[in-house]
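# Residue-level structure breakdown
Residue-level listing of the chains:
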Amino acid sequence: MFARVAVVRSAFAGVVAVALAVVAAAAAQAVVPTAPAQTWGVNGRVSAILPLPSGRVVVGGSFTAVVDSVGTTQFAATNVALFDPATGQFDSTWRPSVNGSVNALATDGSRLFLGGTFSKVGGVNRDKLAAVTLSSGALEPGWVGPKLDGPVDVMRLSAGALFVGGNWNTVTSGTTTYAQAKVAKVSASTGAFDTAFRPTANPTPSDVPPSGRVWALLVLNNGNVVLGGDFGDINGVASTRRIAVVDPSTGTPVRGFLSKPNNGTSTATILDLATDGTTIYEAVAGSGGACTAVDAATGAVRWTWHSNGNMQSVRVVGTTVYCGGHFGGTASFGDQTRNKIAAVDAGTGAILPWAPVINSALGVWSMGSDATRLYLGGDFTKAGGVAQQHFAMWIDTASTSVPGAPVLSGTAGDGVVYLSWQPPSSDGGSTILRYKIWRKLASATTYPNAALATVSSGTIYTDTTVTNATAYSYKVLAVNGVGSGPYSNELTVTPGATAPAAPSAPSALTATLDSSGVTLSWTAPTSPGNPALTRYDVYRGTTSGQRSLLASVPAGTTTFGDALPPSGTTYFYAVRAVNTVGSSPDSNEVSADSSLVGAPTQPTLSATTGTASINLSWVAGGGGGAADKWIILRDNVQLARVTDPNARTYSDTTVVSGTTYTYKVRAVNSVGSSPNSNPVTVTAP
């Protein structure tokens, strides 16, 4: 659990008082470091973070890719992605396709509920609200929620019900449209709209424009639902301005809880809520912003701190409240200098000394937490001095671990070996101090006990103590304050006097299309060039032959996942291999059209000669829909149509001895046709 750090000041209902730290007790406890752990990120805003019971974390927002820890490799991820804190990586195989921003997340353990601005998930109509299978990311076809005419901003799950808040005016369930604005309750099992839960979020007449938007939701231990937003009242009850506790069955405000000023003398818009059971913590907008604690039973203010920008998110972990938003600079949070994030003692209201700097004007939009980690999401590219792309993770110092494994690459020259490596995806929450390099003769069975070298700065090493025409194997590991991490991959190279050259083109590029997106795969170049490959560059365009760089992947990778093309759009792809000399020519070009989701994928063809015949056989492509029939082409002219969907062979008995023919085959079903197979050229016997 995150531990309390030293208390410096406290505030109760706006009155500042000095408090003393109990240093001896704090010294025995773990604290949150200023620098976050090194992890992967995403290439756009993170608006929602949901830690899962499994230990993994779902991230939602407005982005198109996840990005590795050094920012060079991307994998397609459309507005929602799955993060593994243990490795510091996103799961590049978990790829729901969502065509708009994901602002809210919830789960019942098997399903993941998404809320936002989208209209399609996996190519299927889903208006602002959807469910996918948590394990695979595939759309749950049987879960169809109501249609909302505005965005979803927040969701909370309780007792089989999904409470949803946002900015809409009507809810359409089946063929019936209800005048139900800003908040709704739906069945977590079926998506059915609950017509009994009908609170009315009224705008404040003086607000311009009037909204009444519900930005935040909580479910208390007693089952009551807390609503927060910029509404003037709920059901006309004057004491429910900006915040209300309502009955979970009817939405009627609960007597006894009274809204109070939460930002100086103002009762300002609430953008997020958190609770530890007895206290509700508010992220407040308004004239500047505020982080405010109120009694969960009465609404009485326990402490509040004003900031010079909106407070966008709030989370409580153990005895610490984390307040994140758009504030920054001198005395930007209470009387302290904080930049987009601050920590407060939950009980006393003391501002704690933890003060990492989050860059960018807006900084933090969302937060999440589990037992040992705090997660931040937003617009930033650097957190606590560490390059982090829109997502950051802090680990309690008591739970830090050794780093992950680096990824080693290198090239050999005349009497020299050049090594380079990518840092681990995760530094374990403790800064990497150095790298250790081991070398052995490739013919040896074990490495020496002592490292060849230690590198304290950078991720390159040049070994000049090698002999030409001798093969050497290398490995490297990272060391942080906890200890040594696992070894990298092993690299074997042979130095020698060879001329440098760029690689040849990758081959056999294929594109497999399904409801989650496009998966590209290819075969490595037959001539990798000299020095060795460093990466592959993936190019994409909407016109054949006109493509621009989409992403780069490491040299050992021959697959890449991209988003599903928008309806009516065809993507064209090619891949190049790259080393330090230059790029290869383009691979073959392939295309993907989202209207063909469910069409068969490209088969693989082979051929043998028989007595006065050429015998073809093929293997159906992986994924996609099943074939209804097969089209056989000879010299690009249709030779035959095989209507047996289970057929995998065809014998051409119309050949002329000594004549050379080129064959292809493609699969067809009711959705469309696969690409033609690889061509096979054969001379008839």
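Parameters at a glance
Residues numbered from 1 in each chain as written. Predicted model: local features only at pLDDT ≥ 70, side-chain atom pairs only at ≥ 80, totals over all residues. Heavy atoms only, no water. pLDDT = per-residue confidence, 0-100. Contact = heavy atoms within 4.5 Å. Pairing = 2+ DSSP bridges. Helix = DSSP H or I, 4+ residues; strand = E, 2+ residues; numbered from the N terminus. Axes fitted to C-alpha atoms, helices over the stretch in contact; angles between N-to-C directions. Core = buried A, V, L, I, M, F, W, Y, C linked by side-chain atoms within 4.5 Å. Buried < 20%, exposed > 50% of the residue type's maximum accessible area, 1.4 Å probe, protein only. 1 Å grid on protein atoms, 1.4 Å probe; cavity = no way out; pocket = protein on both sides within 12 Å on 5 of 7 lines; lining within 4 Å. Points joined across faces, edges and corners; volume = space filled by probe spheres on them. Nonpolar A, V, L, I, M, F, W, Y, C, P; charged D, E, K, R; others polar.

With that out of the way, let us pick up the confidence of the model for the chain. When the pLDDT values of the chain are averaged, the result is 89; 94% of them are 70 or greater. Low pLDDT, under 50, characterises residues 1–30; the stretch is placed with 79 contacts to residues that sit more than four places away or in other chains.

Next up on the list: the sheet that holds strand β22 (residues 214–219). Here 3 strands make up an open sheet; going across it, the order is β22-β23-β25 and the pairing antiparallel. The open sheet has two edge strands, β22 and β25 (243–246), and neither has a second partner. Here the strands of the sheet are splayed against their neighbours by 20° on average, with no regard to which way each runs. Pairing analysis gives 5 bridges linking β22 to strand β23 (residues 225–229), with the strands arranged antiparallel. Each residue of the ladder has a partner; that of V219, found in β23, is V225.

It is worth spelling out the nonpolar core at this point. Counting 37 residues, the largest nonpolar core has V66, F90, L520, W522 and Y573 as its most contacted members. Among the elements that take part in this core, strand β50 (residues 570–578) stands out by supplying 4 residues, more than any other. Setting aside anything within four residues of it in sequence, one finds V66 in contact with W40, G41, V42, T73, Q74, F75, A77, A81 and F90.

If you check the backbone angles, K182 has positive phi at about 75° while not being a glycine. Mapped onto the elements, K182 comes out in the loop between β19 (176–178) and β20 (183–187). Its identity as a non-glycine residue notwithstanding, S360 has a phi of 85°, on the positive side. Here S360 is to be found in the loop between β32 (341–345) and β33 (364–369). Judged by relative accessible area, which is 28%, S360 ranks as partly exposed.

A separate point is empty space enclosed by the protein. Taken as a whole, this structure holds 1 cavity of 30 Å³ or more when the rule is applied. Approximately 30 Å³ is the volume found for the largest cavity. Taken together, V66, F75, A76, A77, A81, L82, F90, D91, S92, W94 and R95 make up the lining of the largest cavity. Put simply, the parts of the chain that give the lining of the largest cavity at least two residues each are β7 (74–76) and β8 (80–84). Here the lining of the largest cavity is built from residues that sort into 8 nonpolar, 1 polar and 2 charged.

Among the 5 residues that make up β20, 5 are buried, leaving the element largely enclosed by the rest of the structure. Here β20 shows no split at all, with V183, K185 and S187 on one side and A184 and V186 on the other all buried. Relative to β20, strand β17 (residues 161–166) runs antiparallel, the two being bridged by 5 bridges. When the sheet's bridge partners are listed, A161 is paired in β20 with S187.

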